[in-house]
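Secondary and tertiary structure notes
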Amino acid sequence: QVQLVESGGGLVQAGGSLRLSCAASGRTFSWYNMGWFRQAPGKEREFVVAITGSGARTYYADSVKDRFTISRDNAKNTVYLQMNSLKPEDTAVYYCAAGIFPGGSMYYTPQNYNYWGQGTQVTVAS
């Protein structure tokens, strides 16, 4: 069983930055691929970024490339999302997710992740 808790959300001005954290339970954290997804009111859940268990590879949605950075510290059972140059379009609830799968296109699909946090609100003022 893996429990995930997000933190770090808040209200920021356009162009500002936020750093989200996702703390995970368990001693097998490094086995899990980790992803960040987001969902705005009335919209579908959207893939943002993912990272492999070892942290060797990362995957980014086109909309956040060059602005967001995912990283993980397996010793701390934590994954991070550094968000820079935030835009009003980034406003959403951000969810941390964990899953065990072989890779490929599976990183982009919410159904492939087994565990989810409760989410943290990110609001970017226009």
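One structure accompanies this document, and this report is about it. (Residues numbered from 1 in each chain as written. Predicted model: local features only at pLDDT ≥ 70, side-chain atom pairs only at ≥ 80, totals over all residues. Heavy atoms only, no water.)

1. Some thoughts on the state of the cysteines
The full count for this structure, using the stated rule, is 1 disulfide. Here Cys22 engages in a disulfide with Cys96; their sulfurs sit 2.1 Å apart. Between Cys22 and Cys96, the S-S dihedral sits near -85°, and the bridge is therefore left-handed. Placement of Cys22 in strand β3 (residues 18-24) and of Cys96 in strand β9 (residues 92-99) is noted, with a sequence separation of 74 residues between them. Given the relative accessible area of 0%, Cys96 is considered buried. (Disulfide = S-S within 2.5 Å. Helix = DSSP H or I, 4+ residues; strand = E, 2+ residues; numbered from the N terminus. Buried < 20%, exposed > 50% of the residue type's maximum accessible area, 1.4 Å probe, protein only.)

2. What about the environment of Tyr60?
For Tyr60, the position within the fold is in strand β6 (residues 58-60). The spacing of Tyr60 and Val49 is 11 residues in sequence and 4.4 Å in space, taken between C-alpha atoms. Among the polar contacts listed, one links the side chain of Tyr60 to the backbone nitrogen of Ile70, at a separation of 3.0 Å. (Polar contact = N/O pair within 3.5 Å; in protein donor to acceptor, adjacent residues only side chain to side chain.)

3. Observations regarding unusual backbone geometry
Here the phi dihedral of Asp66 falls at roughly 75°; this positive angle occurs in a residue that is not glycine. For Asp66, the position within the fold is in the loop between β6 and β7 (68-73). Relative accessible area serves as the criterion here: at 84%, Asp66 is assigned to the exposed category. Phi is positive for Ser85, which is not a glycine, with a value near 50°. Looking at where Ser85 falls in the secondary structure, it is placed in the loop between β8 (78-83) and β9. Assessed through its relative accessible area of 39%, Ser85 is described here as partly exposed.

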